[in-house]
Amino acid sequence: MPPYRLQALQDMRARAKEEAEQAFSSAIKALEKEKAELQRLIDELELRKRERKAKVAAYLKEVMFKGAGINGMNMMNRFEERLKDEEAQVALEVERQREAVKVAERLVEQRRREMADAAKELKAIEKHRENWQKQVKYERQQREELNQEEIGNALFLARQRK
(Lines give C-alpha, C1' and ligand atoms only; values in the text may rest on other atoms or scores of the structure.)
Protein backbone atom coordinates (compact mmCIF):
# COMPACT_ATOMS: atom_id res chain seq x y z
CA MET A 1 0.00 0.00 0.00
CA PRO A 2 1.39 3.44 -0.85
CA PRO A 3 2.19 5.78 2.03
CA TYR A 4 -0.63 8.02 3.18
CA ARG A 5 0.10 11.47 1.79
CA LEU A 6 -1.55 13.28 4.73
CA GLN A 7 0.26 11.33 7.45
CA ALA A 8 2.09 14.45 8.66
CA LEU A 9 -1.23 16.27 9.05
CA GLN A 10 -2.70 13.33 10.93
CA ASP A 11 0.31 13.30 13.28
CA MET A 12 -0.02 17.05 13.85
CA ARG A 13 -3.72 16.71 14.67
CA ALA A 14 -3.04 13.81 17.02
CA ARG A 15 -0.44 15.94 18.85
CA ALA A 16 -2.84 18.88 18.93
CA LYS A 17 -5.50 16.63 20.46
CA GLU A 18 -3.08 15.39 23.13
CA GLU A 19 -2.00 18.95 23.91
CA ALA A 20 -5.64 20.05 24.15
CA GLU A 21 -6.36 17.18 26.54
CA GLN A 22 -3.38 18.17 28.69
CA ALA A 23 -4.45 21.82 28.68
CA PHE A 24 -7.96 20.76 29.70
CA SER A 25 -6.56 18.64 32.51
CA SER A 26 -4.41 21.55 33.70
CA ALA A 27 -7.41 23.89 33.60
CA ILE A 28 -9.45 21.43 35.68
CA LYS A 29 -6.66 21.21 38.25
CA ALA A 30 -6.37 25.00 38.37
CA LEU A 31 -10.13 25.31 38.84
CA GLU A 32 -10.07 22.83 41.71
CA LYS A 33 -7.21 24.77 43.29
CA GLU A 34 -9.14 28.05 42.98
CA LYS A 35 -12.27 26.45 44.47
CA ALA A 36 -10.26 25.06 47.37
CA GLU A 37 -8.78 28.51 48.02
CA LEU A 38 -12.26 30.05 47.90
CA GLN A 39 -13.55 27.52 50.41
CA ARG A 40 -10.56 28.19 52.65
CA LEU A 41 -11.27 31.93 52.57
CA ILE A 42 -14.98 31.40 53.28
CA ASP A 43 -14.10 29.16 56.22
CA GLU A 44 -11.61 31.75 57.47
CA LEU A 45 -14.24 34.49 57.25
CA GLU A 46 -16.74 32.42 59.23
CA LEU A 47 -14.08 31.62 61.82
CA ARG A 48 -13.17 35.29 62.15
CA LYS A 49 -16.82 36.23 62.69
CA ARG A 50 -17.21 33.63 65.42
CA GLU A 51 -13.91 34.65 67.00
CA ARG A 52 -14.87 38.33 66.89
CA LYS A 53 -18.07 37.67 68.77
CA ALA A 54 -16.20 35.57 71.33
CA LYS A 55 -13.38 38.12 71.68
CA VAL A 56 -15.78 41.03 72.06
CA ALA A 57 -17.80 39.13 74.64
CA ALA A 58 -14.60 38.25 76.55
CA TYR A 59 -13.34 41.83 76.30
CA LEU A 60 -16.70 43.18 77.49
CA LYS A 61 -16.65 40.76 80.39
CA GLU A 62 -13.11 41.89 81.30
CA VAL A 63 -14.06 45.57 81.05
CA MET A 64 -17.12 45.02 83.23
CA PHE A 65 -15.08 43.04 85.74
CA LYS A 66 -12.44 45.78 86.00
CA GLY A 67 -15.11 48.39 86.19
CA ALA A 68 -13.54 50.59 83.51
CA GLY A 69 -15.79 53.40 82.44
CA ILE A 70 -16.41 55.05 79.12
CA ASN A 71 -12.77 54.82 78.16
CA GLY A 72 -12.90 51.03 78.41
CA MET A 73 -16.04 50.97 76.26
CA ASN A 74 -14.36 53.17 73.63
CA MET A 75 -11.39 50.82 73.56
CA MET A 76 -13.75 47.88 73.21
CA ASN A 77 -15.52 49.59 70.29
CA ARG A 78 -12.19 50.29 68.58
CA PHE A 79 -11.17 46.68 69.14
CA GLU A 80 -14.45 45.46 67.61
CA GLU A 81 -14.10 47.86 64.66
CA ARG A 82 -10.58 46.60 63.99
CA LEU A 83 -11.84 43.02 63.98
CA LYS A 84 -14.68 44.02 61.64
CA ASP A 85 -12.17 45.71 59.33
CA GLU A 86 -10.14 42.50 59.21
CA GLU A 87 -13.32 40.58 58.38
CA ALA A 88 -14.14 43.07 55.63
CA GLN A 89 -10.64 42.55 54.21
CA VAL A 90 -11.18 38.78 54.16
CA ALA A 91 -14.62 39.33 52.60
CA LEU A 92 -12.95 41.31 49.81
CA GLU A 93 -10.49 38.46 49.29
CA VAL A 94 -13.46 36.07 49.09
CA GLU A 95 -15.04 38.19 46.35
CA ARG A 96 -11.75 38.37 44.44
CA GLN A 97 -11.42 34.61 44.76
CA ARG A 98 -14.97 34.13 43.47
CA GLU A 99 -13.98 36.11 40.40
CA ALA A 100 -10.86 33.95 40.05
CA VAL A 101 -13.06 30.85 40.19
CA LYS A 102 -15.33 32.28 37.47
CA VAL A 103 -12.29 33.00 35.29
CA ALA A 104 -11.02 29.46 35.87
CA GLU A 105 -14.45 28.04 34.97
CA ARG A 106 -14.49 30.02 31.73
CA LEU A 107 -10.99 28.73 30.96
CA VAL A 108 -12.14 25.16 31.58
CA GLU A 109 -15.03 25.63 29.16
CA GLN A 110 -12.71 27.14 26.56
CA ARG A 111 -10.27 24.22 26.96
CA ARG A 112 -13.19 21.77 26.70
CA ARG A 113 -14.24 23.34 23.40
CA GLU A 114 -10.66 23.30 22.12
CA MET A 115 -10.33 19.64 23.10
CA ALA A 116 -13.60 18.79 21.32
CA ASP A 117 -12.49 20.67 18.20
CA ALA A 118 -9.11 18.91 18.18
CA ALA A 119 -10.81 15.53 18.56
CA LYS A 120 -13.22 16.39 15.75
CA GLU A 121 -10.36 17.41 13.44
CA LEU A 122 -8.44 14.22 14.22
CA LYS A 123 -11.56 12.13 13.62
CA ALA A 124 -12.05 13.82 10.23
CA ILE A 125 -8.51 13.04 9.09
CA GLU A 126 -8.85 9.45 10.36
CA LYS A 127 -12.09 9.08 8.39
CA HIS A 128 -10.33 10.47 5.32
CA ARG A 129 -7.55 7.92 5.77
CA GLU A 130 -10.06 5.07 6.04
CA ASN A 131 -11.79 6.21 2.85
CA TRP A 132 -8.41 6.55 1.13
CA GLN A 133 -7.43 3.02 2.17
CA LYS A 134 -10.73 1.68 0.83
CA GLN A 135 -10.16 3.53 -2.44
CA VAL A 136 -6.59 2.20 -2.78
CA LYS A 137 -7.79 -1.34 -2.05
CA TYR A 138 -10.61 -1.00 -4.57
CA GLU A 139 -8.27 0.33 -7.26
CA ARG A 140 -5.77 -2.48 -6.61
CA GLN A 141 -8.57 -5.04 -6.84
CA GLN A 142 -9.76 -3.51 -10.12
CA ARG A 143 -6.21 -3.67 -11.56
CA GLU A 144 -5.88 -7.31 -10.49
CA GLU A 145 -9.21 -8.17 -12.06
CA LEU A 146 -8.17 -6.40 -15.26
CA ASN A 147 -4.86 -8.29 -15.29
CA GLN A 148 -6.65 -11.60 -14.71
CA GLU A 149 -9.07 -10.79 -17.53
CA GLU A 150 -6.19 -9.94 -19.88
CA ILE A 151 -4.42 -13.19 -18.98
CA GLY A 152 -7.64 -15.12 -19.55
CA ASN A 153 -8.16 -13.42 -22.94
CA ALA A 154 -4.58 -14.13 -23.94
CA LEU A 155 -4.96 -17.80 -23.03
CA PHE A 156 -8.27 -18.01 -24.89
CA LEU A 157 -6.76 -16.44 -28.02
CA ALA A 158 -3.75 -18.74 -27.78
CA ARG A 159 -6.07 -21.79 -27.67
CA GLN A 160 -8.12 -20.43 -30.58
CA ARG A 161 -5.03 -20.18 -32.76
CA LYS A 162 -3.99 -23.80 -32.20
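Along each chain, the written sequence defines residue order, and numbers are assigned to residues from 1. Local features in this predicted model are restricted to residues of pLDDT 70 or higher, and side-chain atom pairs are both shown and tallied only at a pLDDT of 80 or more, whereas totals for entire chains, interfaces and linings draw on every residue. Side-chain numbers come from the whole structure's heavy atoms, not from hydrogens or water.

- By the naming in an unreviewed UniProt entry, the protein is Flagellar assembly protein FliH, taken from Corallococcus macrosporus DSM 14697.

What to know about the packing of aromatic side chains
Stage number 1. Two rings from Phe, Tyr or Trp (for Trp, the six-membered ring) form a pair when their centres are within 6.5 Å of each other. A pair whose planes differ by under 30 degrees is stacked, one over 60 is edge-to-face, and the rest are tilted. Applying the stated criterion to the full structure yields one aromatic pair.
Stage number 2. Aromatic side chains Tyr4 and Trp132 sit 5.1 Å apart centroid to centroid with 55° between the ring planes, which places their arrangement in the tilted category. Of this pair, Tyr4 sits in the segment before α1 (7-66) while Trp132 sits in helix α2 (residues 70-161), placing them 128 residues apart in sequence.
Stage number 3. Categorising residues by exposure relies on relative accessible area from a 1.4 Å probe, with only protein chains included: less than 20% of the type maximum marks a residue as buried, more than 50% marks it as exposed, and the intermediate range marks it as partly exposed. Among the residues examined, Tyr4 registers a relative accessible area of 6% and is labelled buried.
Stage number 4. Judged by its relative accessible area of 13%, Trp132 is buried. Under the scheme used here, helices are H or I runs from DSSP no shorter than 4 residues and strands are E runs no shorter than 2 residues, and both carry numbers assigned from the N terminus.

A few points about a negative patch on the surface
Stage number 1. Put simply, a patch holds well-exposed residues, over 30% relative accessible area, that have no salt bridge, with like charges counted together within 9 Å and Val, Leu, Ile, Met, Phe, Trp or Tyr side chains within 5 Å. Note that accessible areas follow from Shrake-Rupley with a 1.4 Å probe, and for residues the cover is restricted to the protein chains shown. A side-chain nitrogen of Lys or Arg and a carboxyl oxygen of Asp or Glu constitute a salt bridge if their distance falls within 4 Å. Only four residue types enter the tally: Lys and Arg on the positive side, Asp and Glu on the negative side; His and the chain ends are excluded. Taken as the charge location is NZ of Lys, CZ of Arg, CG of Asp or CD of Glu. On the surface, Glu144, Glu145, Glu149 and Glu150 cluster together into a negatively charged patch.
Stage number 2. Within the fold, Glu150 resides in helix α2.
Stage number 3. On the basis of relative accessibility, which here comes to 48%, the residue Glu150 falls in the partly exposed class.

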